[in-house]
Amino acid sequence: MPASLEHHYLRANNIRFHVVRAGNGDRLLLLLHGFPEFWWSWRRQIEAFAAHYTVVAPDLRGYNETEKPARGYELHVLVQDVVELIQTLGFQRAYVAGHDWGGMIAWSLAIARPERVERLIALNMPHPARFYEELQRNPKQRRRSRYILFFQIPWLPEAILSANHGAAFNRIFRSTPIDRAVFDDETIRRYKQAMARPGALTAALNYYRAIGRHGAGDLFRGTGMRVRAPTLLIWGEQDVAFAPEVVRETQRFVPDLRICSLPHASHWVQQVAPDEVNAAMKAFLEA
């Protein structure tokens, strides 16, 4: 990777975060990964944007080299993690991009703490209100989200996901033909290694358990779920976790919205279609 990467350990919201940083621009581009990943999922974007931004990709709470507390996976805590990371990095606002769970955190930050978000980029994570609406009325989305119910069970998901040296992660990452081409053995080895760190798998599953028990709590109280920041939604249409309907009607909650649909990309959109994703991000950030 040509970009010069710096690894730092920062204290924010009372835990120790590992972050990867590149570039020294006067604008912060914060990249939030999803499940079951770590900062590495943004390697192509770090390289592409380091020349013009300070690019920071943290390992989220509980992942890889970041601390793994037993508690604190509620959505409002995850949002506060990002608020304090932005401040600890020496900024007041950030351009925030999030994929999967990182996308949920990014949406939530933009809704609940709009003063911290200059522009928002969500990748294969629908607006929280649209996701909830489709869960309520769309049988297709309920079927695709059954794994969330499974993740609520104590210890059993950990046992299944870690069995046979994490063989389940091969299936998770290679769910479509294009994924099989991108997620080679070395790439999957990195993800398995990160998830095999003591406590990491339970921490990652605790995101789902906390949202299952507590929902969003009071995080969105009084917000109307509206996003004020200019927003780009990048969507790989071959996503196996989300029904295509979740993208529709997003503008009800996001007045300043652009959607970039990639018909041949899967859920892991920034990794399987990095050139298209980077071009869309650049056009949006510089608009």
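On a predicted model such as this, the values are computed, not experimentally measured, just so you know.

1. Here we look at the pairing of strand β4 (residues 54–58)
Item 1. In terms of burial, β4 is largely enclosed, as five of its five residues are buried.
Item 2. Because side chains alternate across β4, one face comprises the buried residues T54, V56 and P58, and the other comprises V55 and A57, equally buried.
Item 3. Alignment of strand β2 (residues 15–22) against β4, held across four bridges, turns out to be antiparallel. Considered in β4, the bridge of R21 is made with V56.
Item 4. The pairing of strand β3 (residues 28–32) with β4 spans three bridges and is parallel. Bridging from a neighbouring strand, L28 pairs with T54 of β4.
Item 5. With helix α1 (residues 43–49) bridging β3 and the parallel β4, this β-α-β connection has right-handed handedness.

2. Concerning helix α10 (residues 200–214)
Item 1. With 15 residues, α10 ought to run about 21 Å at 1.5 Å a step, and its terminal C-alpha atoms sit 21 Å apart, in line with that.
Item 2. Of all the positions in α10, only A200, L201, A203, A204, L205, N206, Y207, Y208, R209 and A210 are classed as buried.
Item 3. Tucked into the core, α10 has its buried residues touching α2 (75–88), α3 (101–112), α6 (146–151), α7 (156–173) and α9 (185–195).

3. Here we look at α7
Every α-helical turn comprises 3.6 residues, leaving residues that sit three or four positions apart pointing alike.
Item 1. The end-to-end C-alpha distance of α7 is 20 Å, clearly below the 26 Å that 18 residues give at a rise of 1.5 Å each.
Item 2. The largest bend along α7 measures about 110° and falls at H165.
Item 3. Along α7, the positions that sit buried rather than exposed are P157, E158, L161, G166, A168, F169 and F173.
Item 4. Of the surrounding elements, those touching the buried residues of α7 are α6, α8 (177–182), α9 and α10.

4. Things to note about the sheet that holds strand β5 (residues 94–99)
Item 1. Within the open sheet, the eight strands sit side by side as β1-β2-β4-β3-β5-β6-β7-β8. Their pairing is mixed. Of all the strands in the sheet, just β1 (6–12) and β8 (257–262) have a single pairing partner and so form its edges. Put simply, the sheet's adjacent strands are angled 20° from each other on average, direction ignored.
Item 2. α2 rests against β1, β2, β3, β4 and β5 of the sheet, and its axis sits at about 120° to β1.
Item 3. Across the sheet, helix α12 (residues 274–285) lies against β3, β5, β6 (117–123), β7 (231–236) and β8, angled at about 170° from β7, the strand it touches most.

5. Describing the environment of L30
Item 1. Note on placement: L30 falls in strand β3.
Item 2. Judged by relative accessible area, which is 0%, L30 ranks as buried.
Item 3. Taking the C-alpha atoms as reference, L30 lies 8.2 Å from I86; in sequence the two are 56 residues apart.
Item 4. Setting aside its immediate chain neighbours within four residues, L30 contacts V56, P58, V82, I86, L89, A94, Y95, V96 and A97.

6. A few points about the packing of aromatic side chains
When we look at a pair of aromatic rings, we describe it by the centre distance and by the angle of the planes.
Item 1. Under the criterion given, the structure shown has 22 aromatic pairs.
Item 2. Sitting over the ring of W40, R190 keeps its end group 3.9 Å from the ring centre.
Item 3. When the ring centre of F49 is taken as reference, the NZ or CZ atom of K282 above it lies at 5.9 Å.

7. Topic: unusual backbone geometry
Item 1. Between F35 and the following residue, P36, the backbone shows a cis peptide bond with an omega angle of -5°.
Item 2. Within the element layout of this structure, P36 appears in the loop between β3 and α1.
Item 3. Even without glycine at this site, N64 takes up a positive phi of about 50°.
Item 4. Residue classification places N64 among the buried positions, given a relative accessible area of 5%.

8. Here we look at the nonpolar core
In globular proteins that are soluble, nonpolar side chains generally tend to be buried together.
Item 1. Formed by 102 residues in total, the largest nonpolar core has its most connected members in L31, F35, I46, W101, I121 and I234.
Item 2. At eight residues, α3 tops the list of elements feeding residues into this core.
Item 3. Leaving out residues up to four positions away in the same chain, I121 has contacts with V96, A97, G98, L232, I234, M281, F284 and L285.

9. Some thoughts on the pairing of β5
The two faces of the sheet receive side chains in turn, since in a regular strand these alternate between them.
Item 1. With six of six residues buried, β5 lies mostly within the body of the structure.
Item 2. Of the two faces of β5, the one holding A94, V96 and G98 and the one holding Y95, A97 and H99 are both buried throughout.
Item 3. Summarising the sheet, β3 and β5 pair through four bridges and their orientation is parallel. Within β5, the residue paired with L30 across the bridge is V96.

10. Some remarks on the environment of T223
Item 1. Within the secondary structure, T223 sits in the loop between α10 and β7.
Item 2. With 109 residues separating them along the chain, T223 and P114 place their C-alpha atoms 9.9 Å apart.
Item 3. Side-chain polar atoms of T223 contact the backbone oxygen of F220, separated by 2.8 Å.

Conventions used here
Residues numbered from 1 in each chain as written. Predicted model: local features only at pLDDT ≥ 70, side-chain atom pairs only at ≥ 80, totals over all residues. Heavy atoms only, no water. Buried < 20%, exposed > 50% of the residue type's maximum accessible area, 1.4 Å probe, protein only. Helix = DSSP H or I, 4+ residues; strand = E, 2+ residues; numbered from the N terminus. Pairing = 2+ DSSP bridges. Right-handed = clockwise from strand over helix to strand, strands pointing away. Expected span 1.5 Å × (residues − 1). Contact = heavy atoms within 4.5 Å. Bend = angle between axes of the 7 residues up to and from the residue. Axes fitted to C-alpha atoms, helices over the stretch in contact; angles between N-to-C directions. Phe/Tyr/Trp six-rings, centres within 6.5 Å; stacked < 30°, edge-to-face > 60°. Lys NZ or Arg CZ within 6 Å of the ring centre and 35° of its normal. Core = buried A, V, L, I, M, F, W, Y, C linked by side-chain atoms within 4.5 Å. Polar contact = N/O pair within 3.5 Å; in protein donor to acceptor, adjacent residues only side chain to side chain.

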